[in-house]
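Below are the chains, spelled out letter by letter.
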Protein chains: 2
Amino acid sequence: MTTGRRDAGAHRESTLATQARRAQLLDVTIGIVAEHGYAQTSLARIAEGAGVTKAAVLYHYPTKDALVETAYEHVLTALIGEVAAAVEGADPAEGPAVYVRSMVGHLAAHPRHSRMIIEAMTNAGADHDPRTRWEPLAQIIEAAARARGVEPVDARATALIAGGGIDALVAEHLHDPGYDVTVAAETLVRMLDTALSR
Amino acid sequence: MTTGRRDAGAHRESTLATQARRAQLLDVTIGIVAEHGYAQTSLARIAEGAGVTKAAVLYHYPTKDALVETAYEHVLTALIGEVAAAVEGADPAEGPAVYVRSMVGHLAAHPRHSRMIIEAMTNAGADHDPRTRWEPLAQIIEAAARARGVEPVDARATALIAGGGIDALVAEHLHDPGYDVTVAAETLVRMLDTALSR
DNA sequence: GTCTATACACGGATAGAC
DNA sequence: GTCTATCCGTGTATAGAC
């Protein structure tokens, strides 16, 4: 990366029109990924959706993957922000339950974001460090074990299982919209709860 | 020209050479998917790995996706066959534990197959009916609940969570080979066990 | 029956004109 | 800043050599 960062002025290349374009491109990309999936998300389709040419898209983002990655992080930031806020304002002993409920709730409430996140999360394309996924939850689980005064569990395995379980439940909901994830999430909450009860 | 090879043995179109070629193509495909992932698995790479041209590959398989799909099913058949055999020869009350242990054990023992299955499972490309994934385990869970005489649980949710959990554990093992999935699987076994203990 | 050669349409990406 | 023109790679279809 460049080492620029000279001033807070930021005249460099942040025209209003450019910022609007980029926001629009993100929005269009999220929509296409949500509707047709990662594989069917072509540069041409994004360009068409934004009313520009492929090259114009690649002016604003160095590569297609960079654009999709940015869109993914944009959506992920909203998710983890909401989940983190919910967990921090809760009883540590109930942390895991709050984590599961708020995450499933957010995903159920934002189908567009939901499909995008599942696609990105499961797609090994841009392999993010798995650690960033399970480590926060592992700490929440350990905190809950301490607050409850029970012997510590295998936090890493428990967090991995819970994370994978959430993915599976949400994916099932996407495939069968009639499936009630909120109810299903309570099954996971119970499993975590009993795992922290001895 | 008029080579009247009407000798004994297998003529027809299941020539030995053809069967060998197809087996080789399957093997090469599994290797490439295991090593580089679904996205990076191109027809040219498969052909190169087999020492033939792209068209030769498409002579044996109608399309690239058909070949990859066949390779996936080839690997999956070995997995579900082993798991099914293990579960059938076990105490129904211990069905879920046997299921988890044999599945994780098989995946840990066959890294190539493992990566292939995870890739295919998570990749929304050829969307297999999710039902075929969780329904067998759901029935095993219900059988275990009956055998234990406990009130029935939400078998669908429990099976989905366990399946997603297994995926996550195996994926973590692929990313960090030092991670002991066998130990981690016991955490999942315990969670399922306590879920079936009331 | 098995393959090579070739050609096509589409994908992402680059160079340079306006 | 956006476009046209162009390039290379990928999947697929066809012809025809052996």
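What comes next concerns the included structure. As the structure is a prediction and not an experimental result, all values here were calculated from the model. (Residues numbered from 1 in each chain as written. Chains lettered and ligands numbered in written order. Predicted model: local features only at pLDDT ≥ 70, side-chain atom pairs only at ≥ 80, totals over all residues.)

## Side note on the relation of the copies chain A and chain B
Link 1 in the chain: Rotating chain A by 179° about the axis while translating it 0.1 Å along that axis superimposes it on chain B, leaving an RMSD of 0.3 Å. Such values leave the two copies arranged in the relation of a two-fold axis.
Link 2 in the chain: Interface residue correspondence from chain A to chain B reaches 100%, placing this contact among same-surface, isologous pairings. (Least-squares fit on C-alpha atoms with pLDDT ≥ 70 in both. Contact = placed C-beta atoms within 7 Å.)

## A few points about the interface of chain A and chain B
Link 1 in the chain: Facing the 27 residues of chain A at the interface are 28 residues of chain B.
Link 2 in the chain: Elements that contribute at least two residues to the side of chain A that touches chain B include exactly helix H6 (111-122), helix H8 (155-175) and helix H9 (181-195) of chain A.
Link 3 in the chain: With twelve residues, H8 of chain A is the largest single contributor of residues to the side of chain A that touches chain B.
Link 4 in the chain: Class assignment of the residues belonging to the side of chain A that touches chain B gives a composition of twelve nonpolar, eleven polar and four charged. (Helix = DSSP H or I, 4+ residues; strand = E, 2+ residues; numbered from the N terminus. Nonpolar A, V, L, I, M, F, W, Y, C, P; charged D, E, K, R; others polar.)

## A closer look at the protein's contact with DNA strand D
Link 1 in the chain: Not every one of the 19 residues close to DNA strand D is listed here, only the nearest: Ala-55 and Ala-56 of chain A together with Ser-42, Leu-43 and Lys-64 of chain B.
Link 2 in the chain: Among the elements of the structure, helix H1 (16-36) and helix H3 (54-60) of chain A together with helix H2 (43-50), helix H3 (54-60) and helix H4 (64-88) of chain B are those that each provide at least two residues to the surface near DNA strand D.
Link 3 in the chain: Residues belonging to the surface near DNA strand D are distributed by class as follows: nine nonpolar, five polar and five charged. (Near = placed C-beta within 6 Å.)

## What about the packing of helix H5 (residues 95-109) of chain B against helix H9 (residues 181-195) of chain B?
All names here are of chain B.
Link 1 in the chain: One can describe the packing of H5 onto H9 by two numbers: an axis separation of 9 Å at closest approach and a directional angle of 160°. As the angle between them shows, H5 and H9 are arranged roughly antiparallel. Between H5 and H9 lies a crossing of right-handed hand. Note on element contacts: H9 touches H5 through Val-181, Thr-182, Ala-185, Leu-188, Val-189, Leu-192 and Asp-193, opposite Pro-96, Ala-97, Val-100, Arg-101, Val-104 and Ala-108.
Link 2 in the chain: Considering only residue class, the contact of H5 with H9 consists of ten nonpolar, one polar and two charged. (Axes fitted to C-alpha atoms, helices over the stretch in contact; angles between N-to-C directions. Parallel < 35°, antiparallel > 145°, perpendicular 65-115°, else oblique. Left-handed = near helix turned anticlockwise from the far one by under 90°.)

## A few points about the protein's contact with DNA strand C
Link 1 in the chain: Around DNA strand C lies a shell of 19 residues, among which Leu-43 and Lys-64 of chain A together with Thr-18, Ala-55 and Ala-56 of chain B are the nearest.
Link 2 in the chain: If you list the elements that add at least two residues to the surface near DNA strand C, you get helix H2 (43-50), H3 and helix H4 (64-88) of chain A together with helix H1 (16-36) and H3 of chain B.
Link 3 in the chain: A breakdown of the residues in the surface near DNA strand C according to their chemical character gives nine nonpolar, five polar and five charged.

## Side note on the environment of Thr-158 of chain B
Link 1 in the chain: Here Thr-158 of chain B shows up in helix H8 (residues 155-175).
Link 2 in the chain: In the structure, Thr-158 of chain B is positioned 24 residues away from Trp-134 of chain B in sequence and 9.0 Å away in space, judged by C-alpha atoms.
Link 3 in the chain: Excluding residues that lie within four positions of it along the chain, Thr-158 of chain B makes contacts with Thr-187 of chain A together with Ile-141, Val-153 and Ala-195 of chain B.

## Considering helix H6 (residues 111-122) of chain B
Residue and element names in this part refer to chain B.
Link 1 in the chain: The terminal C-alpha atoms of H6, which comprises twelve residues, lie 16 Å apart, in line with the 16 Å expected from a rise of 1.5 Å per residue.
Link 2 in the chain: Those residues of H6 that sit buried are Ser-114, Arg-115, Met-116, Ile-117, Ile-118, Glu-119, Ala-120 and Met-121.
Link 3 in the chain: Of the surrounding elements, those touching the buried residues of H6 are H1, H4, H5 and H8. (Expected span 1.5 Å × (residues − 1). Buried ≥ 20, exposed ≤ 12 C-beta atoms within 10 Å, placed from the backbone.)

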